[in-house]
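Structural overview for review
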Amino acid sequence: MSVTLERSGAAQGSAPPRGGPALRRTADWARRAPLLPALVFTIVVTQLPFVATLFISFMNWNAYYPNDRGFAGLTNYKHVLTDVTMRDAIIVTIEMTVVVVLVSLALGMLIALLLDRKFAGRGVVRTMMITPFLVVPVAAALLWKHAMFNPVYGLLNGTLTWIWHLFGSNNPPQPDWISDFPLASIEVTLIWQWTPFMMLILLAGLQSRPLDVIEAARIDGASGWQIFRYMTFPHLRQYLELGALLGAIYIVQTFDAVFVITSGGLGTANLPYIIYQTFYLAHDYGRASAAGVIVVIGTIIIATLALRTVSSLFRQEAAR
């Protein structure tokens with residue numbers, strides 16, 4: 001009798017309570033419900049405009065010809081990819097992105113290696129090195145255009161004059177930097193802005209190194225170059241990839257520096273500036289939307305690679 005009661009009690013204890021799955025679903029919805037307004041707001045603000053842009057990109061829509069509006073199929077995309085101006089803008093965008101990312105990464109690594117050492121005032125120096133990244137892009141472009149590149153009172157030509165005077169010459173070169181090197185002027189401005197960002201990412205990677213392994217290698221007689229080549233640089237590989245991908249996402253969309261420094265002239269017009277001209281000056285909404293969709297697709301591809309890199313970094317940190 002007692003055995004029977006024990007078995008029945010065990011059976012009752014092991015049976016799932018009534019309404020278990022329903023209660024779990026209710027609890028899940030109770031946890032997710034506060035997030036629904038934010039999700040709906042995000043969809044309305046980000047996805048609906050993109051859907052509208054995607055729809056307009058398939059239309060023949062020019063404000064100068066309101067009666068010719070209609071479905072254009074892939075004509076706008078074909079024009080974007082075959083038009084000489086658009087093709088040149090794509091080339092300029094790629095060149096600008098590659099140069100700025102690579103130079104910023106190289107300079108950022110050098111600065112990060114210096115700031116990883118202990119010295120008096122390191123915190124102040126780190127704060128000062130970050131400040132260019134905190135400057136508003138339009139303000140940074142204006143600063144470089146007028147305070148640095150100006151051929152009459154700019155700092156670069158003033159420095160050249162001072163150096164030439166030190167060597168006894170009264171005829172220093174005074175180049176017009178923006179006219180002579182238009183694309184390089186924009187790239188220098190962007191490198192100045194984005195080097196601190198790369199430095200922060202790489203400095204975080206340097207401070208996550210296994211110091212005990214590095215100290216053991218130093219005790220075994222490894223030189224500083226060998227430690228950097230075989231231990232530090234492989235450890236920083238994913239941080240370099242992350243910095244390059246995140247930097248590329250934003251530099252591809254650069255508009256401020258191009259607009260302020262050269263106004264898209266002298267062969268410096270990139271895709272965002274061409275989109276601006278097509279939309280606001282030519283009022284060709286269909287072609288501008290098609291070019292915008294192409295930029296978004298390229299950015300999404302880069303962002304996907306960046307997210308994969310971040311996920312792998314998080315998995316490595318969690319495995320330690």
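For the structure itself, consult the block above.
I will try to describe carefully the structure that is included in this document. Residue indices follow the written sequence of each chain, beginning from 1 at its first position. Thresholds applied to this predicted model are a pLDDT of at least 70 for local features of residues and 80 or more for the giving and counting of side-chain atom pairs; totals over whole chains, interfaces and linings are not thresholded and use all residues. Values reported for side chains reflect all heavy atoms of the structure, with hydrogen atoms and water molecules removed beforehand.

With that settled, the discussion passes to the overall build of the protein. Runs of E in the DSSP output that reach at least two residues are strands. Runs of H or I that reach at least four are helices, and both are numbered from the N terminus. A count of helices and strands for the protein gives 15 helices and 2 strands. Put simply, the radius of gyration uses C-alpha atoms, and a globule should come to 2.2 Å times the residue count raised to 0.38. Computed over C-alpha atoms, the radius of gyration of the protein comes to 29 Å, more than 25% over the 20 Å expected from 2.2 N^0.38 for 320 residues, which places it beyond the range of a compact globule. Taken over the C-alpha atoms alone, the protein extends approximately 115 × 80 × 30 Å along its principal axes. Across the 320 residues in the protein, those meeting the buried criterion constitute 35%. Contacts were defined at the residue level, with two residues in contact if any of their heavy atoms lie within 4.5 Å. For the protein, long-range pairs separated by at least 24 residues make up 70% of all intrachain contacts whose partners lie at least 6 apart in sequence. Burial status follows relative accessibility: with a 1.4 Å probe on protein chains alone, a residue under 20% of its type maximum counts as buried, one over 50% as exposed, and anything between as partly exposed.

Here the focus is the nonpolar core. In a soluble, globular protein the nonpolar side chains are often hidden away together inside. Nonpolar cores were defined as sets of buried Ala, Val, Leu, Ile, Met, Phe, Trp, Tyr and Cys residues, with membership established by side-chain atoms within 4.5 Å. Ranked by internal contacts, the top residues of the largest apolar core, which has 56 residues, are Met-96, Ile-186 and Leu-190. Elements that contribute at least two residues to this core include exactly α4 (75-82), α5 (84-115), α7 (137-148), α10 (182-207), α12 (224-251), α13 (256-261), α14 (271-281) and α15 (285-319). Of all the elements, α10 adds the most residues to this core, at 12 residues.

On to the pattern of salt bridges. Counted as salt bridges are all cases of a side-chain nitrogen of Lys or Arg within 4 Å of a carboxyl oxygen of Asp or Glu. Evaluated as defined, the whole model comprises 4 salt bridges. For the salt bridge of Asp-116 with Arg-209, the shortest nitrogen-to-oxygen distance reads 2.7 Å. With Asp-116 in the loop between α5 and α6 (122-134) and Arg-209 in the loop between α10 and α11 (211-219), the pair connects residues that are 93 residues apart, well separated along the chain. As a salt-bridge pair, Asp-284 and Arg-287 come within 3.5 Å of each other at their nearest N and O atoms. Its relative accessible area of 10% is what places Asp-284 among the buried residues.

The subject of this paragraph is the packing of aromatic side chains. Here a pair means two rings of Phe, Tyr or Trp (six-membered ring of Trp) with centres within 6.5 Å. Their orientation is stacked below 30 degrees between planes, edge-to-face above 60, and tilted elsewhere. Tallied over the full model, the rule gives 20 aromatic pairs. Their ring planes at 45 degrees and their centres at 5.4 Å tell us that Trp-144 and Phe-149 sit as a pair that is tilted. Site record: aromatic cluster; members linked through ring pairs are Trp-61, Phe-255, Phe-259, Tyr-273, Tyr-276, Phe-279, Tyr-280 and Tyr-285.

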